[in-house]
Amino acid sequence: MSLKRIVTGLAAAALLMGALPATAQQTLKVGSTPTGVPFTFLDTKTNTIQGIMVDLITAVGKEAGFQVTIEPMQFSTLIAGVQANKIDIIAAAMYITPARKEAVDFSAPVYTYGEGLMVAKSDTKDYTKLEDLKGETVGAQVGTAYVEPLKKSGLFADVKIYDTIPDIMRDVNAGRIKAGFADLPIVAYNLQLGNFPEVRLAKNYKSTIVGSVGIGVRKGDAELLKKIDTALAKLQADGSVKKILAKWGQE
């Protein structure tokens with residue numbers, strides 16, 4: 001083989017290798033829930049998970065150089081899923097809490113809010129604080145940051161635990177529990193959709209369990225976390241995060 005052919009072949013190989021990163025992007029599995037509208041939810045028209053956190057992690061991936069595939073999971077299984085390598089990233093309405101930080105690593109905060117209080121529309125009492133429900137049976141979602149504080153308050157006859165927020169709303173709607181506590185934006189969005197006409201949001205209730213949502217990764221995955229945080233900072237700075245929140249009615 002001539003020297004010219006060898007050089008040409010090496011040059012072609014170098015060009016091919018240089019092109020590989022652009023054509024063979026890493027695809028990461030992202031755990032999201034089907035019942036956390038508007039953060040994550042199952043769009044029955046497309047049978048895909050959509051919402052704020054899906055739009056956000058897709059934009060982060062585009063900026064950071066990786067693609068995502070969304071894996072529908074129940075909220076209570078997300079942390080176990082990332083620990084067991086079933087998923088690489090958690091993108092859901094998950095508060096950054098000290099307990100969770102022991103199990104997974106979180107990005108910088110994305111959005112901050114507190115719990116919303118939902119009661120039956122026929123219940124006209126003006127609820128402003130937890131004490132207004134003393135002695136009542138209330139509900140909260142399994143795995144959320146609200147469960148332990150509600151139980152430890154000692155105010156309630158019972159704190160029933162539900163798999164999903166719509167399950168809580170159905171029992172409030174049916175009068176099986178006096179009230180339910182869940183992520184304020186999710187409760188408000190569900191009620192705006194008219195899904196539970198006999199349930200209302202207690203407008204004057206002041207949230208006591210306030211937290212910030214973040215993107216979760218496997219404990220110790222510093223490289224991926226750095227990529228996410230760098231991309232997130234850029235998307236925050238250029239207004240992309242604000243646009244995504246506004247798209248879903250969150251300012």
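Here we summarise the structure given alongside this text. As the structure is a computational prediction, the values presented were derived from the model and not from experiment. (Residues numbered from 1 in each chain as written. Predicted model: local features only at pLDDT ≥ 70, side-chain atom pairs only at ≥ 80, totals over all residues. Heavy atoms only, no water.)

Further remarks concern the pairing of strand E10 (residues 137-141). Counting buried positions along E10 yields 4 of 5 residues, so the element is predominantly enclosed. Pairing geometry for E10 and strand E11 (residues 158-162), over 5 bridges, is parallel. Opposite Ala140, over in E11, you have Ile161 as the bridge partner. Taken together, E10, helix H5 (residues 147-152) and E11 constitute a β-α-β crossover, and its handedness is right-handed. By the bridge criterion, 2 bridges tie E10 to strand E12 (residues 179-183) in an arrangement that is parallel. Bridge pairing links Val138 to Ala179 in E12. (Buried < 20%, exposed > 50% of the residue type's maximum accessible area, 1.4 Å probe, protein only. Helix = DSSP H or I, 4+ residues; strand = E, 2+ residues; numbered from the N terminus. Pairing = 2+ DSSP bridges. Right-handed = clockwise from strand over helix to strand, strands pointing away.)

Here the focus is the layout of surface pockets. Estimates place the volume of the largest pocket at around 150 Å³. For the lining of the largest pocket, the residue count by class is 7 nonpolar, 3 polar and no charged. (1 Å grid on protein atoms, 1.4 Å probe; cavity = no way out; pocket = protein on both sides within 12 Å on 5 of 7 lines; lining within 4 Å. Points joined across faces, edges and corners; volume = space filled by probe spheres on them. Nonpolar A, V, L, I, M, F, W, Y, C, P; charged D, E, K, R; others polar.)

Moving on, we get to empty space enclosed by the protein. In the structure shown here, the tally under the stated rule is 1 cavity of 30 Å³ or more. In this model, the largest cavity occupies a volume close to 140 Å³. Looking at the largest cavity, it is lined by 16 residues, and the ones nearest its centre are Phe75, Ala93, Gln141, Asp183 and Ile186. Here the lining of the largest cavity is built from residues that sort into 8 nonpolar, 6 polar and 2 charged.

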